[in-house]
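# Fold and geometry: a report
These are the residues of each chain, in order.
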Amino acid sequence: MENFPVINLEKLNGEERGATMEKIKYACENWGFFELINHGISHELMDTMERLTKEHYQKCMEQRFKELVATKGLEGVQTEVNDLDWESTFFLRHLPHSNISEIPDLQDEYRKVMKEFALRLEKLAEELLDLLCENLGLEKGYLKKAFHGSKGPNFGTKVSNYPPCPKPDLIKGLRAHTDAGGIILLFQDDKVSGLQLLKNDQWIDVPPMRHSIVINLGDQIEVITNGKYKSVMHRVIAQTDGNRMSIASFYNPGGDAVIYPAPTLVEKEADENNNLYPKFVFEDYMKLYAGLKFQAKEPRFEAMKAIESNVNVGPIATV
């Protein structure tokens, strides 16, 4: 089995730039996932983020999770559970407007560090989008503009902990799904594993690596690239030992952004059937996704196509 792709971003600045861009291209075309090292976010900031996240879980969320498990009788399940996940989570929004100050129980230091970390990730996400543009032959800034809408992109973070699970064969940490949005940047536990992706009908571990950022592509990138890059099914397997930390940040289109395949990536000479993907408003896709997250993505695309054929989404904006 070929190795999970690991990209050293520092090498973009030297004579190995061409080879590094090829690695990114290969990962996008064949994996939908890759792991970044030397990505420009300081190890000190990441270590502080990890410490504060784990402290917050122990202080504010662990007992709540145990009570939830007891209430639902999950310790003693005998059959597979398909309607919930073995995870403790909270969500933060950064763009277009931050809600970090409104989240209860967060220490001031945690709010401050989270804001700094989010700013670094936002910058990294936009750098990556331009690297994707370069590899796709799109003009610099195309993907960022495509995501912009009238108020800029949506950017938020899901902070998760996956506590030890007594029945990992019956309860998933997080059920299999593709991500609805754009580009996802994950800071994951470097000791406790669990994240897996589906490749060639096999589940493959995404290796924990200290101070790395795992990148994966969402459904919107698949649409804009007309399927050249694809979003990939992934899941989290709960573990019997160890508490796995996951800080996943989602750089997504704005709610009113109109998403459609980039014209230059649709074969010029082909008929309209070559346009494999629909044109839609991102928030409409998200409404559909909310009820179908843990199902295959193809019916979602087909549903949006059906809506598109019945309703004129509006003129294609030039981006």
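Presented here is a report on the structure given in the accompanying data block. (Residues numbered from 1 in each chain as written. Predicted model: local features only at pLDDT ≥ 70, side-chain atom pairs only at ≥ 80, totals over all residues. Heavy atoms only, no water.)

## Some thoughts on the pairing of strand 2 (residues 33–37)
The buried fraction of strand 2 is high, at 4 of 5 residues. Pairing geometry for strand 1 (residues 6–8) and strand 2, over 3 bridges, is parallel. Each residue of the ladder has a partner; that of I7, found in strand 2, is L36. As a crossover connection, the stretch from strand 1 through helix 1 (residues 17–30) into strand 2 is right-handed. Note: strand 2 against strand 9 (residues 213–217), 4 bridges, orientation antiparallel. Of the residues in strand 9, the one forming a bridge with E35 is V214. (Buried < 20%, exposed > 50% of the residue type's maximum accessible area, 1.4 Å probe, protein only. Helix = DSSP H or I, 4+ residues; strand = E, 2+ residues; numbered from the N terminus. Pairing = 2+ DSSP bridges. Right-handed = clockwise from strand over helix to strand, strands pointing away.)

## Things to note about the packing of aromatic side chains
Scanning the entire structure with this criterion turns up 8 aromatic pairs. For the pair Y277 and F301, a centre-to-centre distance of 5.2 Å together with 85 degrees between the ring planes defines the contact as edge-to-face. Remark: F301 occurs in helix 7 (residues 298–310) and Y277 occurs in the loop between strand 12 (258–259) and strand 13 (280–281); sequence separation between them is 24 residues. Exposure class is identical for Y277 and F301. Each is buried. Taking 5.2 Å as the distance between ring centres and 20 degrees as the angle between the ring planes, the aromatic pair formed by F280 and Y285 counts as stacked. One exposure class covers both F280 and Y285, and it is buried. The residue whose ring lies beneath R175 is F294, and the NZ or CZ to ring-centre distance is 3.9 Å. Against the face of W203 rests R235, its NZ or CZ located 4.1 Å from the ring centre. (Phe/Tyr/Trp six-rings, centres within 6.5 Å; stacked < 30°, edge-to-face > 60°. Lys NZ or Arg CZ within 6 Å of the ring centre and 35° of its normal.)

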